[in-house]
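So you can see what is in the structure, the chains are spelled out below.
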Amino acid sequence: MDAANVRHEVVEQVIMRANRAREDSDFTYFFSMLLAGEALAKTIVLGLVAAIIDDKDRNRYRLEHQLVRADGIGEWSRVLEDAVTGPSSQFLLAEAREEQTELTRGCKQGDWQYEAVREIKAALDVLGIEAEDLTVKSDLKRWFRLFATLRNKTRGHGATKSDVAGSASVHLERSILLIYRNFRLFRRQWAHLHRNISGKYRVSAMTPSSEDFAEAKKSTGLQIPDGVYVSFGSMRSVRLMQSDPELQDFFFANGGLGGKKFEMLSYYSDDKMAGDGTAYLVPPGQLPPSETEGPGELAVKGNCFSNAPELPRDYVPRVALEQDLLVLLEDQKRPMVTLLGRGGIGKTSLALKVLESIYAQQRYTSVVWFSARDVDLQLSGPKSVRPRVLTPEDMAQLYASLVLPASKIAEKGFNSRAFLEQQLQAADLGPCLFVFDNFETTSNPVEMYNWIDSFIRLPNKALVTTRLREFKGDYPIEVRGMSDPEARALITQTASALGVSGLLTEDYTAELISHSEGHPYVIKILLGEVSKERKLTSIPHLVAGTDDILTALFERTYAALSPCSQRAFLTLAAWNSAVPRIALEAVLVRSTKERSEVERGVESLLQYSMAEVHQAPKDGQEFIALPLVASVFGKKKLNISPSRASIQADVELLQMLGPSKRDDVTLGLAKKMERFIGNIARKVENGASYADYAPIIEMICRAYNPAWLIVARWHMEQRTPDGYVAARAELERFLENDPPADQAAEAWHLLGHTCFQLGDALGEVHAYVERAQLSDVPFYDLSNTAHSLINYVRDRAEEIEREHKRELATRLLEVMNLRRDEAGPVDLSRMAWLAIHCGNESVAREYVQFGMAMDPDNHHLYKLGQRLGINTREA
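A short tour of the structure in this document, coming up. (Residues numbered from 1 in each chain as written. Predicted model: local features only at pLDDT ≥ 70, side-chain atom pairs only at ≥ 80, totals over all residues. Heavy atoms only, no water.)

1. Notes on the sheet that holds strand β19 (residues 612-615)
We count it as follows: Should DSSP find at least two bridges between two strands, the strands are taken to pair. Each helix is a run of H or I in the DSSP string that is no shorter than four residues. Each strand is a run of E no shorter than two, and both are numbered from the N terminus.
Read across the open sheet, the 3 strands follow the order β18-β20-β19; overall the sheet is antiparallel. Each edge of the open sheet is held by one strand with a lone partner, namely β18 (579-580) and β19. The pairing of β18 with strand β20 (residues 622-625) spans 2 bridges and is antiparallel. Note on β20: the bridge partner recorded for V579 is I624.

2. Observations concerning the sheet that holds strand β12 (residues 366-371)
How we decide: Helix axes use the C-alpha atoms of the stretch in contact, all axes being lines fitted to C-alpha atoms, and the angles between their N-to-C directions lie in the range 0 to 180 degrees. We call two residues in contact whenever any of their non-hydrogen atoms come within 4.5 Å of each other.
Strand order across the open sheet formed by 7 strands is β9-β10-β12-β15-β16-β11-β17, with mixed pairing between neighbours. Of all strands in the sheet, those with a lone pairing partner are β9 (299-301) and β17 (475-478), marking the two edges. Each neighbouring strand pair of the sheet contributes to a mean axis angle of 20°, computed without reference to strand direction. Strand direction decides the pairing type here: strand β10 (residues 304-306) and β12, joined by 2 bridges, are parallel. In the sheet register, S306 faces β12, and the bridge partner there is V367. Helix α12 (residues 392-403) rests against β12 and β15 (432-437) of the sheet, and its axis sits at about 140° to β12.

3. Topic: the packing of aromatic side chains
What describes a pair of aromatic rings is the distance from one ring centre to the other and the angle between the planes of the rings. Spelled out, the test is: When the centres of two rings from Phe, Tyr and Trp lie within 6.5 Å, Trp using its six-membered ring, the rings pair. Their planes under 30 degrees apart give stacked, over 60 give edge-to-face, and anything left gives tilted. Classification of residues uses two cut-offs on accessible area relative to the type maximum, computed with a 1.4 Å probe and protein chains only: under 20% is buried, over 50% is exposed, and between them is partly exposed.
Per the stated rule, a full pass over the model turns up 19 aromatic pairs. Ring centres of Y558 and F633 lie 5.8 Å apart, and the angle between their planes is 75°; on these two criteria the pair is classed as edge-to-face. Of this pair, Y558 sits in helix α20 (residues 547-560) while F633 sits in helix α24 (residues 628-639), and the two are 75 residues apart along the sequence. Across the pair, exposure class does not vary: Y558 and F633 are buried alike.

4. Quick look at the pairing of β15
What counts is decided by this rule: Clockwise travel from the first strand over the helix to the second, with the strands pointing away from the viewer, marks a crossover as right-handed.
Most of β15 sits inside the fold, with 6 of its 6 residues counted as buried. Every second residue of β15 is oriented toward a common face, with C432, F434 and F436 on one face and L433, V435 and D437 on the other, all of them buried. As paired strands, β12 and β15 are joined by 6 bridges and run parallel to one another. By the bridge assignment, S371 is partnered in β15 with D437. Between β15 and its parallel partner strand β16 (residues 461-466), the chain crosses via helix α15 (residues 445-455), and the hand of that crossover is right-handed.

Put into structure tokens, the structure is as follows:
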């Protein structure tokens, strides 16, 4: 792609804003170009950070950890230096070396990099701002330092005179366009990916071409988070930039991490939103090794050499599983064996126990242990640790260090990966058992498995422990909860160690086993809570207070589930009852219109032990339920799910069947479910159109109001004019029935989006103003709504009656004024405009003066002050 064809939605938006500002004044144009430069700089930094591979020392995480806390563009410049010339640069993808070279190469006059730096230096000179001198040769990194100086001396901490702003703008514009039109990163393919309920992704191209993302459009096996991606030969997530499938706006991390949120800012609209900071709470730097990493050398253990760690001293025998695994490892049939189960279920300990038997035999001469564990589940809670291996290269280097002298490894031309590949086929030490622990945390488990499977040959074997199993060709052993005797033995041992044996009763022990489903780590944690309280406490209450434990046990597995599987999990979590499987699938099919995906999704819940299945003794019907711990985790996820209202509607439909106990499922319930749900399921399966069963859906919606949201969402997913028309009617029917505030907020938001798609700007503004009346709406949403209303009045003044305009502005301003202490300078400028539209310029002046006291250089307030006759310099 040549420079003439460069088009990147992020930069195009901010340039379009600057071009509009040019018609206003030189002062406004200059500050709009500053915003464009900041968006350009952050896009480059985030693109380069995305090209850093995830290494065991967490270099990419360290840089992103800095960015969510960065309070100025200068810190972004330092992150860029680290990414292209600092410690992180050695982990840049080979495909990103072109960008690295363009940023770091010394360039002379006539080179576009040099000219871009020269132009921004000229802008600084025009403004009389001192900055580092431009040498005979300059790299492009200097541009980011100079831009930080320009930003801090003008928009951030200084005043700019109007008479020089125009001249500076010309140089700044040339500088920005030189980078935009020539830098390699903007000629790469960018896209926003959104996973549909079918499991396929909607690819919204941010650049003219998006062929590199074709796999996401077709594959249902791809499992990556929604968000912005850039292609460096492979799709790389740009984690600190957010948008939506329509690409209406782009939000960048803007510092301010507090609690579990950080600020995200749009340079196109000045709107703000909150980013999820929970992923950036762990301090950067090298974490301690895992307690199951194992020693760094092979030691003699019985008849073998091994680097495996020792068996935990508190291990409770699980005889049946131990025997099954030992038989598989001893035979000469299956080269790949997998231990599959939930986190903390005992897979690693089981493997270590069986290795003790392996050491006593002569089947293998060596056992090599590779640990990818990144969290140790300790009695005090989960602790982040450094994985020993993440990639094939890490494994190869570890293996070479175990079996070869350092001098051999240092020889020119030695290739550790090729060496390991040869050893997987025929190890020099003799038959070898390769153990890969916590396989799901490796850099790409499916590719890693295929790589191992391609080279492993009998008599060598590979044993994999994992929470997830996205690969085929292995022989799996599923590790579930402990049997009753095993769980009792663990409870007795742990209670004795904690000094709470005297507190336990038979009833409490039985309840503990039942609620934990025999999960050994959950049993230990709950007994630890009893030890803290020094009394027997309600087990559901104890579980509810262990957020970090729930995250450690379930988060990774939940994130790997398909959208259909997540939907089924949240539906089960919303109702504490066993649900007939056929009813669950039928309701989900009605909502998603993806029968095959629903069936696979429910099966995945069972495969990953996120749910359990019980068969009714009378009619053989399967009933599915969540264990207590999984249910508590699911409720927490449901609280933040954007699909919560529609899920609750599904649950209300299921509740019409009545609650079901696992040991008391009646034949009548099965027949009732078959009559009520089966007909709809068969119609969907046979390809009936929506019109064929619309009367049934309407009946359900009339009885259970939240179901209107489900139907509306379905119509909106069609993304057709007819679909949006139907969705608007359904959302209006839902809102007529006075739903709870949180559901109403969602419905008004959806209605606003629907009106936007239909070109009904007034309806869109009206919906968002209605949503603004609800108490739990974030203040930035109020401000964004004010911005939309102001733009509508400006662009379509002739289409709206004066009294209607005044009414909308008054209602919104009343709500914002009650929360004025939450407003920033931009928010106050919007409140001032609302006051003007209400015909109250005196109030508008108060907002402007209050805002300028907070930020005297805010150009929005500056313009308003001039309009309202306020002396902006004195204000």
